[in-house]
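Chain by chain, the residues run as shown.
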Amino acid sequence: MRVLMTGGGTGGHVNPAIAIANTIREKEKDSVIAFVGTKRGIENKLVPKFGYEVYHIEIQGLKRKLTLSNLKTAYLTVTSVFKAKKLIKEFKPDVVIGTGGYVCWPIVKAAADMGIPTVLHESNALAGVAVRMLEKYVDIVYTNFEATIKKLKYPNKAVRVGNPLISGFETDVSAVSEVKGNYKKLILSYGGSLGAMRVNQEMMALMRDFSCKHPDILHIHASGAIEKDSTLALFKEYGLEKYDNLQLVEYIYDMPKKMAAADLVISRAGAMTLSELAMLKKPCVLIPSPNVTDNHQYKNAVELEKKNAAVVFEEKDLAEGVLVSAVRDLIFDDNKLADMQKNIKGFAENTNTLIYEGVKKLVEEKGRK
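Residues numbered from 1 in each chain as written. Predicted model: local features only at pLDDT ≥ 70, side-chain atom pairs only at ≥ 80, totals over all residues. Heavy atoms only, no water.

Engineer: In this structure, what is going on with the overall build of the protein chain? I would like to understand it.
Structural biologist: Within the protein chain, the regular secondary structure consists of 15 helices and 13 strands. Expected size for 369 residues packed as a compact globule is a radius of gyration near 21 Å; at 22 Å, the protein chain falls within 12% of this value. Structurally, the protein chain occupies a C-alpha span of about 65 × 45 × 35 Å along its principal axes. The long-range fraction of contacts in the protein chain, counting pairs at least 24 apart against all pairs at least 6 apart in sequence, stands at 66%. As displayed, the protein chain has an accessible area near 17200 Å², and 52% of this comes from carbon and sulfur atoms. Positive and negative side-chain charges in the protein chain, numbering 52 and 43 respectively, have mean positions lying 6 Å apart. (Helix = DSSP H or I, 4+ residues; strand = E, 2+ residues; numbered from the N terminus. Rg over C-alpha atoms; globule rule 2.2 N^0.38 Å. Contact = heavy atoms within 4.5 Å. Areas by Shrake-Rupley, 256 points an atom, 1.4 Å probe, with all protein chains shown as cover. Lys, Arg positive; Asp, Glu negative; His and termini not counted. Charge placed at Lys NZ, Arg CZ, Asp CG, Glu CD.)

And the structure:
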């Protein structure tokens, strides 16, 4: 199978695309797969590590304010489709798969216009602009959440499959004893690879007011690169470096292993993070980022909260002591943790294989017409 993947802007768009591509390559060793992105996108850092070529096309997102940049965006929205058709004619894909971000528009639209099978995957509870623009033209829209389908204009095209994950987030029983050692419980917390100031502040307060007082609980927190120095300063100000059960790191490089061992995870609510938590059946406290388009992290988190699969706090609701109280109620209540494990498992699917089988079927059926 010859496949063109497209999706960019954030790791939340690129990583699902890589996961789909990897699965196709595993199932069909002779497949030819390439990615289409922009020259400035994060896809240029992430995709080549997996051995895929990245083609480039000029396109940009729409600004919320009225600016001259939006005139260029309008121009590129039209002209980029013609340029995409040239790229598609040269590559000759059997299918084009988009995973969100404005770079999806020209490639997926061009492919649809040319009668080539087209597929979208939407990770978030509320579909992004590109997916909403393209759903009319594509053959299939795969979603992570059931709620997404109800908000689409063409729900008959949509199938809920979950979020594709790059291999690594499978339960590793041996990791539990290796990571936890003699500690009875493990709290794992983080705010993203770059860090989130409010999450870091809340975690330092949690360590000061709760974790340090329970030596049988190991609490590991990742500050992120940007917030590293300020978080370390707070860690020292609170005198937390003297406690052996508290660990402050910049980044968790073996996240699958640490998450597999955790009894409770405290994190943001990006779609990829939630899929990883579901895959490993982890009870979680979610603090959605308020600084994302359409407040989609909160909407993601609420879908889990409705099923009693997560505890959710918006930043504005985190008064002093609120988080400490919630963590105390959870970490010592094994029945409540077990219920959350069972409930979040319902959000995990055999997504990679489901998408591969659906794509293969689409290509075969459309090829016979």
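Engineer: I keep staring at the sheet that holds strand S12 (residues 284–286) and nothing clicks. Help me out?
Structural biologist: For sheets, the rule is that strands pair by backbone hydrogen bonds, running either parallel or antiparallel. Sheet architecture is open: six strands sit in the order S10-S9-S8-S11-S12-S13, paired in parallel fashion. Taken across any chain shown, the strands that pair with only one partner, and hence form the sheet edges, are strand S10 (246–249) and strand S13 (311–312). As paired elements, strand S8 (residues 185–190) and strand S9 (residues 217–222) share six bridges and run parallel to each other. Its bridge partner lying in S9, Ser189 is registered against His221. (Pairing = 2+ DSSP bridges.)

Engineer: Please clarify how the packing of helix H8 (residues 197–209) against helix H13 (residues 322–331) should be interpreted in this entry.
Structural biologist: Two measures define how a pair of helices packs: the angle their axes make with one another and the distance between the axes. Closest axis-to-axis distance for the H8/H13 pair is 9 Å, and the angle between their directions is 60 degrees. Accordingly, the angle class assigned to the pair H8 and H13 is oblique. You can see that H8 and H13 cross each other, and the crossing is right-handed. Counting all contacts with H8, which are made through Glu202, Met203, Leu206 and Asp209, the residues of H13 involved are Leu323, Val324 and Val327. Considering only residue class, the contact of H8 with H13 consists of five nonpolar, no polar and two charged. (Axes fitted to C-alpha atoms, helices over the stretch in contact; angles between N-to-C directions. Parallel < 35°, antiparallel > 145°, perpendicular 65-115°, else oblique. Left-handed = near helix turned anticlockwise from the far one by under 90°. Nonpolar A, V, L, I, M, F, W, Y, C, P; charged D, E, K, R; others polar.)

Engineer: When you look at the pairing of strand S5 (residues 118–122) in this model, what are you seeing that I'm missing?
Structural biologist: Looking down a regular strand, the side chains alternate between one sheet face and the other. Of all five residues making up S5, five are buried, and the element is well covered by its neighbours. Burial along S5 is two-sided: Thr118, Leu120 and Glu122 facing one way and Val119 and His121 facing the other are all buried. Looking at chain direction, strand S4 (residues 95–98) and S5 are connected through three bridges and run parallel. Directly across from Val96, in S5, lies its bridge partner Thr118. Note on the crossover from S4 through helix H4 (residues 104–113) to S5: the handedness is right-handed. Where S5 and strand S6 (residues 140–143) come together, four bridges link them in parallel fashion. Paired with Val119 across the bridge in S6 is Ile140. Following the chain from S5 across helix H5 (residues 129–134) to the adjacent parallel S6, one finds a crossover that is right-handed. (Buried < 20%, exposed > 50% of the residue type's maximum accessible area, 1.4 Å probe, protein only. Right-handed = clockwise from strand over helix to strand, strands pointing away.)

Engineer: Even after reading the chapter, I still don't get the pattern of salt bridges, so can you show me in this structure?
Structural biologist: For side chains bearing opposite charge, pairing can occur when the charged atoms are close. Under the defined criterion, the tally for this structure stands at 16 salt bridges. Across the pair Lys366 and Asp139 runs a salt bridge whose closest N-O atoms are separated by 2.9 Å. Of the two residues, Lys366 is situated in helix H15 (residues 351–368) and Asp139 in the loop between H5 and S6; the sequence distance between them amounts to 227 residues. Among the salt bridges present, the one from Arg208 reaches Asp209, with a minimum N-O distance of 2.8 Å. Salt bridges here are not isolated pairs; linked through shared partners, they connect Glu28, Lys360 and Glu364. (Salt bridge = Lys/Arg side-chain N within 4 Å of Asp/Glu carboxyl O.)

Engineer: Which parts of the structure should I look at to understand the nonpolar core?
Structural biologist: Ranked by internal contacts, the top residues of the largest apolar core, which has 31 residues, are Leu188, Met259, Val265, Leu277, Leu286 and Leu304. Sort the elements by how many residues they give to this core and helix H10 (residues 255–261) lands first, with four residues. (Core = buried A, V, L, I, M, F, W, Y, C linked by side-chain atoms within 4.5 Å.)

Engineer: What's the story with unusual backbone geometry in this structure? I'm lost.
Structural biologist: Most peptide bonds adopt trans geometry, and most residues besides glycine take a negative phi value. Positive phi values are uncommon outside glycine, yet Lys92 reaches one of about 55 degrees. As for its placement among the helices and strands, Lys92 is situated in the loop between helix H3 (68–91) and S4. Taking relative accessible area as the criterion, Lys92 reaches 58% and is therefore assigned exposed. Positive phi is not limited to glycine here, since Asn308 has a value of about 55 degrees. Locating Asn308 in the fold gives a position in the loop between helix H12 (296–306) and S13.

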